[in-house]
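# Secondary and tertiary structure notes
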Amino acid sequence: MPMRKVMKANEAAAWAAKLAKPKVIAAFPITPSTLVPEKISEFVADGELDAEFIKVESEHSAISACVGASAAGVRTFTATASQGLALMHEILFIAAGMRLPIVIAVGNRALSAPINIWNDWQDTISERDTGWLQFYAENNQEALDLILIAFKVAEDERVLLPAMVGFDAFILTHTVEPVEIPDQELVDEFLGEYEPKHAYLDPTRPITQGTLAFPAHYMEARYTVWQANENARKVIDEVFEEFEKRFGRKYQKIEEYRTDDAEIIFVTMGSLAGTLKEYIDHLREKGIKAGAAKLTVYRPFPIEEVRELAKKAKVLALLEKNVTFSVGGALFQDFSRALINESEKPKIVDFILGLGGRDVTFKDLDEALAIAQKALNGEEFNEVNWIGLRKELL
Amino acid sequence: MAVRKPPVTTREYWAPGHAACAGCGCATALRLATKAFSEAMEEKYGDPNAFAIAQATGCMEVVSAVFPYTAWKAPWVHVAFENAAAVASGVEAAWKKLGRKGKILAIGGDGGTADIGMQALSGMLERWHNVVYLMYDNEAYMNTGIQRSSSTPYGAWTTTSPPGKLSIGEDKPKKWVALIAAAHQIPYVATASIGNPFDFVKKMKKAAKVDGPAFVQVQCTCPTGWKSPLEKGVEIARLAIETGVWPLFEIENGDFHNIKIQSPGGGAKVKREGGRVVAIEFKKPIEEYLKLQGRFKHLFKQPEAIDVMREQIKAMWKVLGVDVTLPKPEE
């Protein structure tokens, strides 16, 4: 029988790692993710997880050791956040390029400067072009489930890409919620033993991994990473379906809430989706036709699903905890790309909010709504809007 | 007729067909190192192939693994410039879980070890991974075109330490990474040279056989970066030993009081006390080593710089607990 425990998302991530049975974990502590390696080291110390836990001297070495272990042919896991993920940056490209299905749990946190340990998505968003798959959890249950799903997708022969699962700093990492821990046997059936397809360091069949490619070959190698990301679209759907069958919890690349007759659809990721659903209920009570959509999968970017979503609304209001300087938020670019050649498309309004852990309140959402309504009514509106700025400090 | 056993196995792991420059001393080092490693694995585990290699970005990496070719007949992985030790840590951990017997060999040049890879190296040694780290020391960033590293010796020309009106070339003494490695009190640390291949093979075997981390720093010549004759690599490396420029030693378990110094040869007089080398009187002046290399050519117009070098070499030997006398060339 599955067990229900009240726990933080960090613990949920550690539980997911325990259930996935990675053979090597390498991690360095960083706020807000520190509890993940702490909890894992307890599991290892108690013999509940039979893994090598490498207590590395930096995140750079954490991901490097994961690459080494994954190249040697075992399932590997790590956890990090913010500057730690940024320190891994260089090796993230390599992990994807070498097609190593490593999974990272990320406690989504702002980047310096100024140093700030609280939540936004700038850390993972900054890694969106590394080739890694990206999932974002709304709550602690999703943090656990999506890590298991990430392993399954990453290790699929059609994909073989690393994956990161983000969950918001403190809002999830340090907040307790009831989480259902699936039965080990069911997880074993779902994930199976990891069998390396191309990455192994076996003296009986020596291979060379991580070569130099001249211009004659580099583009093709990069294209295979592109193709693997494309393949992941279908594989993710399949894995979501299988997950629902086995564990009863349904996942979709884009989860919709009260969108059927919506004129304005707010779109977000992560824990903000919870707040947003309540806000939509509040708007509906006032007779405002608004809906919500949550991206569970950000890479590969769900282009088709975005197009379907766009057909339902006159305005898409994107709520983003990240900035792409001089452009807006990252979602704004992705949505624009998905819709640019559509003959009929909604207006897209971008909102940057909640950076560095600032609370996103109904008041902030009201501010966003007012701008979205301008767009809806054909009035002039700003494409990119910073919500909740304290103007007196500027 | 009796057939003499070859001094080291005829098995090859660094295969012909790599793209290293003619006369590359580091290619020689890697070939010998992997042969020695294989012998050690055969003796320790009964399987000559029981090893995998994690290599840092550098000249020996790019010349050996140009897709779709490889010079490696052993399982081999390259990730980046600064992380060979961390990658090796991961490989070793994976092998442990897979129940695979054997040892991991990490390879990095002086840039990937003494500079950008220093932190990962320290972490790997401190965590006691069962890895031998081989630093092939050609004393500059040769992969990117001969820029100075912290392992570049005093006085050497490189493209970023050019001699000029205000410069004698590299103006800092060489960083001795072997001593830093030994400070981790790991089972085995050694310096070696392609100028003494038997000693190098012996040390690589010893390193491969210890349980836990080991570090070997091998000086290898680079005709391109050292501006030296292609065919004189081994001779130049031997002169480095015989003139006192390159000390050969072993430190076990971080015991700095018991550094084992190899005799340099070249007519040097070695004085021992209680079996320990306390003084060496070198017979060959360092000029004999320097003059074969274009990277030191400018020093001969500034002999006082060579004297500074002599003082630095003496200071380095003093750290090893040895008083050395370095002769000046006869007028």
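Position labels on residues start from 1 in each chain and follow its written sequence. All chains are assigned letters beginning with A, and all ligands numbers beginning with 1, in the order in which they are written. Only residues with pLDDT of at least 70 are given local features in this predicted model, and only at 80 or more are side-chain atom pairs given and counted; all residues enter the totals for whole chains, interfaces and linings. Each side-chain value is derived from all of the structure's non-hydrogen atoms; neither hydrogens nor water enter the calculation.

Moving on, we get to the overall build of chain A. Helix and strand counts for chain A come out as 12 helices and 16 strands. Radius of gyration here uses only the C-alpha atoms, and the compact-globule reference equals 2.2 Å multiplied by the residue count raised to the power 0.38. Its C-alpha radius of gyration of 21 Å places chain A within 12% of the 21 Å reference for a compact globule of 394 residues. The principal-axis extent of the C-alpha atoms belonging to chain A is close to 70 × 50 × 45 Å. When the 394 residues of chain A are sorted by exposure, 60% land in the buried category. Of all intrachain contacts in chain A linking residues separated by at least 6 positions in sequence, the fraction that spans at least 24 positions is 80%. Helix and strand definitions follow DSSP, with helices as H or I runs of at least four residues and strands as E runs of at least two, each counted in order from the N terminus. A simple rule labels every residue: compare its accessible area, found with a 1.4 Å probe on the protein chains alone, to the largest value its type can have, and call it buried under 20%, exposed over 50%, or partly exposed in between. Here a residue-residue contact requires only that any non-hydrogen atoms of the pair lie within 4.5 Å.

All names here are of chain A. Among the 6 residues of strand β11 (residues 264–269), 6 are classified as buried, and the element is accordingly described as predominantly covered. Of the two faces of β11, both are covered, the one formed by Ile264, Phe266 and Thr268 as well as the one formed by Ile265, Val267 and Met269. Between any two strands, at least two bridges found by DSSP are needed for them to pair. Inspection of the sheet shows β11 paired to strand β12 (residues 290–295) by 6 bridges, in the parallel sense. Bridged to isoleucine 265 within β12 is glycine 291. Clockwise travel from the first strand over the helix to the second, with the strands pointing away from the viewer, marks a crossover as right-handed. What joins β11 to β12 is helix α9 (residues 272–285), and the crossover it makes is right-handed. Direction of pairing for β11 relative to strand β14 (residues 315–320): parallel, over a ladder of 4 bridges. Note on β14: the bridge partner recorded for phenylalanine 266 is alanine 317.

Across the contact, 37 residues belong to chain A and 39 residues belong to chain B. Summed over both partners, the accessible area (1.4 Å probe) lost when two parts come together is defined as the buried area. The largest per-residue losses of area from chain A upon contact with chain B belong to Leu201, Pro203 and Leu212 of chain A, which jointly make up 20% of the total buried on that side. By salt bridge we mean one thing: a side-chain nitrogen of Lys or Arg within 4 Å of a carboxyl oxygen of Asp or Glu. Where chain A touches chain B, the interface holds 4 salt bridges. Two N or O atoms form a polar contact when they lie within 3.5 Å of each other; inside protein one atom must be a possible hydrogen donor and the other a possible acceptor, and for residues adjacent in sequence the pair counts only when both atoms belong to side chains. Counting the contacts that link chain A with chain B gives 14 residue pairs in polar contact (both at pLDDT 80 or more). Those elements giving two or more residues to the side of chain A that touches chain B turn out to be β3 (52–55), α3 (59–71), α4 (82–97) and β9 (208–209) of chain A. The dominant element in the side of chain A that touches chain B, judged by the number of residues it contributes, is α3 of chain A, at 8 residues.

Across the sheet, which stays open at both edges, the 9 strands sit in the order β9(A)-β2(B)-β1(B)-β3(B)-β4(B)-β8(B)-β7(B)-β9(B)-β10(B) with mixed pairing between neighbours. Looking along the sheet, the strands with just one partner apiece sit at the ends: β9 of chain A together with β10 (260–261) of chain B. When strand β1 (residues 51–55) of chain B meets strand β2 (residues 76–78) of chain B, the two strands line up parallel, connected through 3 bridges. The residue bridging isoleucine 53 of chain B from the neighbouring strand is tryptophan 76 of chain B, located in β2 of chain B. Each of β1, β2, β3 (103–109) and β4 (131–137) of chain B touches helix α3 (residues 84–98) of chain B; the most contacted strand, β3 of chain B, lies at about 170° to it. Here the axes come from fitting lines to C-alpha atoms, over the contacting stretch only for helices, and the angles between their N-to-C directions go from 0 to 180 degrees.

Okay, the UniProt feature "domain: Thiamine pyrophosphate enzyme TPP-binding" (unreviewed entry) in chain B next. UniProt positions are given in the numbering used here, feature names are shortened, and annotations may be inferred rather than shown by experiment. Those residues carrying the UniProt feature "domain: Thiamine pyrophosphate enzyme TPP-binding" (unreviewed entry) are residues 57–218 of chain B in this numbering. With 33% helix and 20% strand, residues 57–218 of chain B has its two end C-alpha atoms placed 17 Å apart.

A separate point is the packing of helix α6 (residues 140–155) of chain A against helix α8 (residues 215–247) of chain A. Residues and elements named next belong to chain A. Contact geometry of α6 with α8 gives a least axis separation of 10 Å together with a crossing angle of 130°. Relative to α8, the element α6 lies oblique. Crossing handedness for the pair α6 and α8: right-handed. Here Asp145, Leu146, Ile149, Lys152 and Val153 of α6 lie close against α8, whose contacting residues are Val235, Ile236, Val239, Phe240, Glu242 and Phe243. Orientation is classified from the angle alone, with under 35 degrees giving roughly parallel, over 145 giving roughly antiparallel, 65 to 115 giving roughly perpendicular, and any other angle giving oblique. Each helix crossing is assigned a hand: it is left-handed if the near helix lies turned anticlockwise from the far helix by less than a right angle, otherwise right-handed if that turn is clockwise.

Moving on, we come to helix α10 (residues 303–310) of chain A. Residue and element names in this part refer to chain A. The set of residues buried in α10 consists of Ile303, Val306, Arg307, Leu309 and Ala310. Down the axis of α10, the buried set is contained in an arc of 160°. They therefore lie on one face. Buried-residue contacts for α10 involve α8, β10 (254–257), β11, β12, β14 and α11 (330–339). In this description, the arc belongs to the directions extending from the helix axis to the C-beta atoms.

Moving on to the packing of aromatic side chains. Residues and elements named next belong to chain A. Each pair of aromatic rings taken from Phe, Tyr and Trp, with Trp reduced to its six-membered ring, is defined by centres within 6.5 Å and is described as stacked if the planes are under 30 degrees apart, edge-to-face if over 60, and tilted in the remaining cases. Counted according to the given criterion, the structure contains 23 aromatic pairs over all chains. The interplanar angle of 75° and the centroid separation of 5.6 Å between the aromatic rings of phenylalanine 190 and phenylalanine 243 together place this pair among those described as edge-to-face. Taken together, the residues phenylalanine 190 in helix α7 (residues 184–191) and phenylalanine 243 in helix α8 connect sequence positions 53 residues apart. Note on accessibility: phenylalanine 190 and phenylalanine 243 belong to one class, buried. With centroids separated by 5.7 Å and ring planes inclined at 70°, the aromatic side chains of phenylalanine 301 and phenylalanine 335 adopt a geometry described as edge-to-face. Here phenylalanine 301 is found in the loop between β13 (297–299) and α10, whereas its partner phenylalanine 335 is found in helix α11, with 34 residues between them in sequence. Given a relative accessible area of 7%, phenylalanine 301 falls into the buried group. A ring is scored as having a charge over it whenever the NZ atom of a lysine or the CZ atom of an arginine sits within 6 Å of its centre and within 35 degrees of its normal. One Lys or Arg, arginine 205, reaches over the ring of tyrosine 200 and ends 3.7 Å from the middle of that ring.

Residues and elements named next belong to chain B. Tallied over the full model, the rule gives 62 salt bridges over all chains. Here aspartate 137 makes a salt bridge to lysine 174, at a shortest N to O gap of 2.7 Å. One end of the pair, aspartate 137, is in strand β4; the other, lysine 174, is in the loop between β6 (167–168) and α6 (177–182), and 37 residues separate them in sequence. The pair formed by aspartate 137 and lysine 174 is uniform in burial state, with each residue classed as buried. One salt bridge in this structure joins lysine 260 and glutamate 252, with 2.4 Å as the shortest N-O distance. You can call lysine 260 partly exposed: its relative accessible area is 35%. Of the residues examined, glutamate 252 reaches a relative accessible area of 25% and is grouped as partly exposed.

All names here are of chain B. Looking at where tyrosine 136 falls in the secondary structure, it is placed in strand β4. Discounting residues that sit within four places of it in the chain, tyrosine 136 has contacts with Cys26, Leu30, Gly58, Cys59, Met60, Ile107, Gly108, Gly109, Asp110, Val218 and Cys220. Within the structure, the side chain of tyrosine 136 is placed 3.2 Å from the backbone nitrogen of methionine 60, a separation counted as a polar contact.

On the surface, a nonpolar cluster with roughly 330 Å² of combined accessible area is contributed by Trp386, Leu389 and Leu394 of chain A. Note on placement: tryptophan 386 of chain A falls in strand β16 (residues 384–386). Grouping into patches uses exposed residues only, defined as over 30% relative accessible area, and leaves out salt-bridged ones; the cut-off is 9 Å for like charges and 5 Å for nonpolar side chains (Val, Leu, Ile, Met, Phe, Trp, Tyr). In this description, accessible areas are obtained by the Shrake-Rupley approach with a 1.4 Å probe, and a residue is regarded as covered only by the protein chains that are shown.

Further remarks concern unusual backbone geometry. Following arginine 299 of chain A, the chain continues into proline 300 of chain A via a peptide bond in cis, with omega recorded as 0°. With respect to the secondary-structure elements, proline 300 of chain A resides in the loop between β13 and α10. Residues phenylalanine 67 of chain B and proline 68 of chain B are joined by a peptide bond in cis, for which omega reads 5°. Relative to the helices and strands, proline 68 of chain B is located in the loop between α2 (59–62) and β2. For arginine 99 of chain A, which is not glycine, the phi torsion reads 60° and is therefore positive. Within the fold, arginine 99 of chain A resides in the loop between α4 and β5 (103–108). A positive phi angle is found at phenylalanine 170 of chain A, which is not glycine, with a value near 65°. Secondary-structure assignment places phenylalanine 170 of chain A in the loop between β7 (163–168) and β8 (177–181). Look at phenylalanine 170 of chain A and you get partly exposed, because its relative accessible area is 23%.

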